[in-house]
Amino acid sequence: MLKIGVLGAGHLGKIHLRLLQQSEKYELVGFYDENLENGQKIEKEFGYKQFKTIATLIHAVDVIDIVTPTLSHFKCAKVAIKSGKHVFIEKPISNTVDEALEIIALAKENNVKGQVGHVERFNPAFIATKNMIENPMFIEAHRLAEFNPRGTDVPVVLDLMIHDIDAILSVVQSKVKHVSASGVSVISETPDIANARIEFENGCVANLTASRISMKNMRKSRFFQKDAYISVDFLEKRCEVVKMKDAPEVPGDFDMILQNAEGVKKQIYFSNPEVEQNNAILDELNSFADAINNNTTPVVTLEQATEALRVAYQIIDCFKK
């Protein structure tokens, strides 16, 4: 079992601590939180060992799980990597692309592995359909959330939309050609609602909307490709696949047939791939342990997370213009 320590014991940090305690792949050594008083409460309530300094925690483990605010990701990762420790970093990888590139360089230099917590890659509805998403040419994503002041220290693009940016980059096998976007600040100092259009070199277009001031929560993506439409509901963990194939010469009574202006007939059929329920956060943490133990590439690499961050900042730059 890999010895692991958690940096940051806020809302998400506490979830990580609980799941790491359950994991069969890690031995949870303890945690460090900047707010020592908060740390003492957590230690008393849950029994996790609190370390008084980052250095002593890093010294005691093989892996560091960074669940601190985004602004401190780089500082924490740098110290851990330079100490020869593998790092799991919550998304986004860091506050700037330059910081992310330095994290990549440090990891290579110190021969350690890194993974970033783009948890939607482990969403069971996305896992159930990912192999069916082949060369999508139009993608639409909506990620709407009720207001929560916890995420407002960063723009909605880095807080919410980056989940969809990463998921889309993982299925579109082409480079980003052009980005356009608009955003509006309603409650926060930075945009609370944003829309972005990402155009890829292969002709694919992705239209993304993210809001943190909605009346209801929604996390849905739709992928359109030749002869297929795939819908993924990340929130409800459901998916639907609508496919078309050439219609049979003699259709059955219940076959659904479409005919276009040229007289070409297609048969439509629906499928709901089986979605195996899981705990996505536990799965992503365990997958990182597997990557370390088997010396394989992590599911969400530092490079992929940096590319998602780069695109996120291209969107944010559009707001400034």
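Worth saying up front: this structure is predicted, and the values here are computed from it rather than measured.

Participant: What am I meant to see in the UniProt feature "domain: GFO/IDH/MocA-like oxidoreductase" (unreviewed entry) in the protein here?
Facilitator: According to UniProt, the "domain: GFO/IDH/MocA-like oxidoreductase" (unreviewed entry) feature falls on residues 156-217. As annotated, residues 156-217 has a helix share of 26% and a strand share of 39%, and its two end C-alpha atoms lie 14 Å apart.

Participant: Honestly, the sheet that holds strand β1 (residues 2-7) in this entry has me stumped. Any pointers?
Facilitator: Sheets are built from strands paired through backbone hydrogen bonds, the pairs being either parallel or antiparallel. The 5 strands are arranged β2-β1-β3-β4-β5 in an open sheet whose pairing can be described as parallel. Only two strands of the sheet have a single partner each, and these edge strands are β2 (26-32) and β5 (114-117). Adjacent strand axes in the sheet meet at a mean angle of 20°, parallel and antiparallel pairs treated alike. Of the pairings in the sheet, the one linking strand β4 (residues 86-90) to β5 comprises 4 bridges and is parallel in character. Bridge pairing links Glu-90 to Gly-117 in β5. Where helix α4 (residues 73-82) meets the sheet, it contacts β1, β3 (63-66) and β4, and its direction lies at approximately 170° from that of β4.

Participant: Looking at this structure, how should I read the sheet that holds strand β13 (residues 256-259)?
Facilitator: Spatially, β7-β8-β9-β6-β10-β11-β12-β14-β13 is the arrangement adopted by the 9 strands of the open sheet, whose pairing is mixed. Of all the strands in the sheet, the pair left with one neighbour each is β7 (176-184) and β13. Along the sheet, successive strands turn relative to each other by an average axial angle of 15°, direction set aside. Bridging between strand β8 (residues 193-200) and strand β9 (residues 205-211) involves 7 bridges; their strand directions are antiparallel. Along β9, the bridge assignment pairs Arg-197 with Asn-207. The sheet contacts of helix α7 (residues 156-171) involve β6 (138-144), β7, β8, β9 and β10 (218-225), and relative to β9 the element is tilted by about 155°. Here helix α9 (residues 302-320) sits on the sheet in contact with β7 and β8, set at roughly 50° to β7.

Participant: Can you walk me through the environment of Lys-91 in this structure?
Facilitator: Of note, Lys-91 is situated in the loop between β4 and α5 (97-109). Taking relative accessible area as the criterion, Lys-91 reaches 14% and is therefore assigned buried. Taking C-alpha positions, Lys-91 is 9.2 Å from His-73, a pair spaced 18 residues apart along the chain. Residues contacting Lys-91, with those up to four places away along its chain left out, are His-73, Val-116, Gly-117, His-118, Leu-158, Asp-159, Ile-162 and His-163.

Participant: What is the right way to read α7 from this model?
Facilitator: In an α-helix, one turn spans 3.6 residues; hence positions three or four apart end up facing the same way. Given a rise of 1.5 Å per residue, 16 residues ought to cover 22 Å, and the 22 Å separating the end C-alpha atoms of α7 matches this to within 8%. Residue Ile-162 marks the point of greatest curvature in α7, where the axis turns by about 50°. A large share of α7 lies buried, amounting to 15 of its 16 residues.

Participant: Would you take a moment to explain the side chain of Arg-143 for this structure?
Facilitator: Looking at the secondary structure, you find Arg-143 in strand β6. What makes Arg-143 buried here is its relative accessible area of 3%. Engagement of the side chain of Arg-143 in a polar contact is seen with the side chain of Asp-164, the distance being 2.8 Å. Apart from residues no more than four positions distant in its own chain, Arg-143 is found in contact with Glu-120, Leu-160, His-163, Asp-164, Thr-209, Ala-210, Ser-211, Met-218, Arg-219 and Phe-234.

Participant: For this particular structure, what's the right way to read the packing of aromatic side chains?
Facilitator: Applying the stated criterion across every chain, the model contains 5 aromatic pairs. With 4.9 Å between their ring centres and 40° between their planes, Phe-224 and Tyr-229 make a pair best called tilted. You can call Phe-224 partly exposed: its relative accessible area is 31%. Pairwise contacts between aromatic rings join Phe-138, Phe-224 and Tyr-229 into one cluster. A cation over a ring is seen here: Arg-143 above Phe-234, with NZ or CZ 5.6 Å from the ring centre.

Participant: Whenever I open this one, helix α2 (residues 36-46) confuses me. Can you help?
Facilitator: Its side-chain oxygen 3.1 Å from the backbone nitrogen of Glu-37, Asn-35 forms the N-cap of α2. Looking one or two residues past α2, Gly-47 carries a phi angle of roughly 85°, positive in sign.

Participant: How should I be thinking about the pairing of β10 in this particular structure?
Facilitator: The side chains of a regular strand alternate between the sheet's two faces. Taken together, the 7 bridges between β6 and β10 define a ladder with antiparallel strand orientation. Bridging from a neighbouring strand, Glu-140 pairs with Arg-222 of β10. Across 6 bridges, the pairing between β10 and strand β11 (residues 228-233) is antiparallel. Bridging across to β11, Gln-225 finds its partner in Ala-228.

Quick notes on the rules
Residues numbered from 1 in each chain as written. Predicted model: local features only at pLDDT ≥ 70, side-chain atom pairs only at ≥ 80, totals over all residues. Heavy atoms only, no water. UniProt positions renumbered as here; feature names shortened; annotations may be inferred. Helix = DSSP H or I, 4+ residues; strand = E, 2+ residues; numbered from the N terminus. Pairing = 2+ DSSP bridges. Axes fitted to C-alpha atoms, helices over the stretch in contact; angles between N-to-C directions. Contact = heavy atoms within 4.5 Å. Buried < 20%, exposed > 50% of the residue type's maximum accessible area, 1.4 Å probe, protein only. Expected span 1.5 Å × (residues − 1). Bend = angle between axes of the 7 residues up to and from the residue. Polar contact = N/O pair within 3.5 Å; in protein donor to acceptor, adjacent residues only side chain to side chain. Phe/Tyr/Trp six-rings, centres within 6.5 Å; stacked < 30°, edge-to-face > 60°. Lys NZ or Arg CZ within 6 Å of the ring centre and 35° of its normal.

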